[in-house]
Amino acid sequence: MRRRLFLRSGSASAVVAALAACGGGGGGGGGGTTAAESDLVSGVISGPRPGGPAATPTRPAVEGPNAYPFGSRLDAYVAGLQPTSASPEQMDAVVRNAYDAWKARNIGDMPGVPGGKVVLCYGRNPSTYLVVSEGMGYAMLITVIMAGHDPQARDIFDGLLKTVRARHAYGIPGETGRNLMEWRLSASGGSAGEGWNAMDADLDIAMALLMADRQWGSTGEWNYRQEALDTIAAMTSWNMKQDGTTKGLGTPHVSRTSDYMITHFRAFKRATGDALWDRAIDRAYSLVDRMQTVFSPGCGLMPDFIIRTDTAAPIPSPGGYGDGVDTEGYYFANAQRNPWRWGTDFVTSGDARWQSVCTKLVSFIERTTGGNPAAMAIGYHLDGSSMGTPWIPKSLIGPMTCGAMVDARFQGFLDALWNWNSANFTTDYYDSELQLIPLIVASGNWWNP
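Residues numbered from 1 in each chain as written. Predicted model: local features only at pLDDT ≥ 70, side-chain atom pairs only at ≥ 80, totals over all residues. Heavy atoms only, no water.

The protein chain goes by cellulase in an unreviewed UniProt entry, where it is assigned to Ramlibacter henchirensis. Here the protein chain is described in UniProt, under the heading Catalytic activity (unreviewed entry), as follows: "Endohydrolysis of (1->4)-beta-D-glucosidic linkages in cellulose, lichenin and cereal beta-D-glucans." (UniProt positions renumbered as here; feature names shortened; annotations may be inferred.)

Draft legend 1. The arrangement of the overall build of the protein chain in detail. Broken down by element type, the protein chain carries 15 helices and nine strands. Expressed as a percentage of the 449 residues in the protein chain, the buried residues total 61%. Sequence separation of 24 or more characterises 72% of the internal contacts of the protein chain that already satisfy a separation of 6 or more. Element-wise, carbon and sulfur atoms account for 51% of the exposed surface of the protein chain, whose accessible area totals about 14,100 Å². (Helix = DSSP H or I, 4+ residues; strand = E, 2+ residues; numbered from the N terminus. Buried < 20%, exposed > 50% of the residue type's maximum accessible area, 1.4 Å probe, protein only. Contact = heavy atoms within 4.5 Å. Areas by Shrake-Rupley, 256 points an atom, 1.4 Å probe, with all protein chains shown as cover.)

Draft legend 2. Representation of the sheet that holds strand 6 (residues 254-256) within the structure. Overall, antiparallel pairing links the three strands, which are arranged 6-7-8 in an open sheet. Each edge of the open sheet carries a strand with a single partner, namely strand 6 and strand 8 (315-316). The sheet contact formed by strand 6 and strand 7 (residues 305-307) spans three bridges and is antiparallel. Within strand 7, the position partnered with Arg256 by the bridge is Phe305. (Pairing = 2+ DSSP bridges.)

Draft legend 3. Geometry of the confidence of the model for the protein chain. This prediction gives the protein chain a mean pLDDT of 88; 85% of its residues lie at or above 70. For residues 1-63, every residue scores under 50 in pLDDT, and the model assigns this stretch 185 contacts once sequence neighbours within four places are set aside. (pLDDT = per-residue confidence, 0-100.)

Draft legend 4. Focus on the packing of helix 8 (residues 224-238) against helix 9 (residues 262-272). Helix 9 packs onto helix 8 with a crossing angle of 110 degrees between their chain directions and a minimal axis gap of 11 Å. It follows that helix 8 is roughly perpendicular to helix 9 by the angle criterion. Seen along the crossing, helix 8 lies across helix 9 with a hand that is left-handed. Contacts from Arg225, Leu229, Ile232 and Met235 in helix 8 reach Phe268, Ala271 and Thr272 in helix 9. Here the residues of the contact of helix 8 with helix 9 sort into five nonpolar, one polar and one charged. (Axes fitted to C-alpha atoms, helices over the stretch in contact; angles between N-to-C directions. Parallel < 35°, antiparallel > 145°, perpendicular 65-115°, else oblique. Left-handed = near helix turned anticlockwise from the far one by under 90°. Nonpolar A, V, L, I, M, F, W, Y, C, P; charged D, E, K, R; others polar.)

Draft legend 5. Quick look at helix 7 (residues 199-216). Its 18 residues give helix 7 an end-to-end C-alpha distance of 25 Å, which sits within 8% of 26 Å, the value for a rise of 1.5 Å per residue. With 16 of 18 residues buried, helix 7 lies mostly within the body of the structure. Within two residues after helix 7, Gly217 carries a phi angle of roughly 80 degrees, on the positive side. (Expected span 1.5 Å × (residues − 1).)

Draft legend 6. Local environment of the side chain of Asn448. Mapped onto the elements, Asn448 comes out in the segment after helix 15 (431-442). With residues up to four places along the chain from it excluded, the contact list for Asn448 reads Asp75, Met207, Arg214, Thr263, Arg270 and Thr348.

Draft legend 7. Geometry of helix 4 (residues 133-146). The first and last C-alpha atoms of helix 4 sit 20 Å apart over 14 residues, in line with the 20 Å expected at 1.5 Å per residue. Buried residues dominate helix 4, accounting for 14 of its 14 residues. Where helix 4 terminates, the next one or two residues include Gly148, which has phi positive at roughly 105 degrees.

Draft legend 8. Spotlight on the packing of aromatic side chains. According to the stated counting rule, one finds 14 aromatic pairs in the structure shown. The interplanar angle of 50 degrees and the centroid separation of 5.9 Å between the aromatic rings of Trp216 and Tyr224 together place this pair among those described as tilted. The rings of Phe157, Trp216 and Tyr224 are connected pair by pair, giving a single aromatic cluster. Across from the ring centre of Tyr129, 3.6 Å away, lies the NZ or CZ of Arg184, which sits over that ring. A cation over an aromatic ring shows up here: Arg353 above the ring of Tyr285, its NZ or CZ 5.7 Å from the ring centre. (Phe/Tyr/Trp six-rings, centres within 6.5 Å; stacked < 30°, edge-to-face > 60°. Lys NZ or Arg CZ within 6 Å of the ring centre and 35° of its normal.)

Draft legend 9. How the structure looks around unusual backbone geometry. A positive phi angle, near 50 degrees, is found at Arg73, a position not held by glycine. Structurally, Arg73 can be placed in the loop between helix 2 (37-42) and helix 3 (88-106). In this structure Arg73 comes out as partly exposed when scored by relative accessible area, which is 25%. Of note in the backbone geometry, Glu194 takes a positive phi value of approximately 55 degrees without being a glycine. With respect to the element layout, Glu194 can be found in the loop between strand 5 (184-186) and helix 7.

Laid out in structure tokens, this is it:
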């Protein structure tokens, strides 16, 4: 029961016991379409695109300008470094073509919601489930960034938002539940998450809505800014403690490290003026710093879940508190996303705390792999011992790209990570998003509301 409760409020597709159910936790070892870097740069995707053609839009592209078109780089990064193995134009070509391949396979229509869109994280012929809310958040971030390349970006974004609002977290009372998304939907598009939300999804959804307000304004079909504020308020009420700690529904003293989305917290503070989000940044750093210094000295790793957050001595989960599995105390299916979140924050904010966190982690990974991205394990115990290499973990390699952006000592490793992800891009759900978004960040194309 505890596992199901935390899944409702905070774990989404990284159901570690299965690992391949959504492609989460490392991709399950192969089966996806890849594209060589030379093909991506030239604009050709090798071989047929699986899963059939892209879903046909329900209406023409939304008219109107994009305030921040893809490739414009209007906001220069304030810190860190970028790959030197490709020019900005080459990097843009890689991202554009990776996006096109991702979109063709993963964006589909939402049953029962006219004009609604989904990310088909369980494939185009799902037997049980259609989508998890986590995938919706990823897709909204991606499409708002890719406007200016894809003329249908806003149309897709609005379709995703229609689904988000049509399938709200009905298990949460009142307006709060109506402004959060149910964490999983059935193959027919109905409820499959008992009406509860996943915090990571709603964090990304709120951030994407703030970005949409900057990109397109809020005077059209959707008032993006108000929708963002409504979602932020709902998370403030349901998913946050007043000291800034994130929490699970049935386990309020359990916190998941991949929910520490620092750039999002900064954006929410700017949008609302609520000092809770400053406390959330400080609290996240305090918890992560303790995990690195006390439980992973010399490695800089952090666990998927932290427990006893109501005490002066939080510890890594021994298992059974978050996803309900025994790997919760490892750097694994959830924590592997952290370098993406924290590296992104450092290059856009310059906050040296997150440079320090990433430096400890990336130093260990570079050292233990000899600088070869493909040598990464699928996860690590906090003492640095490997969880094995039954497959090449693209969803771990992708986020590490952003982690390597924090310090010039990692330039060679960053270039290797960029080259590897470009040459081995997959369209499998979870791995795909965790490669595509870091490629966007590394290319200099991320921006904040």
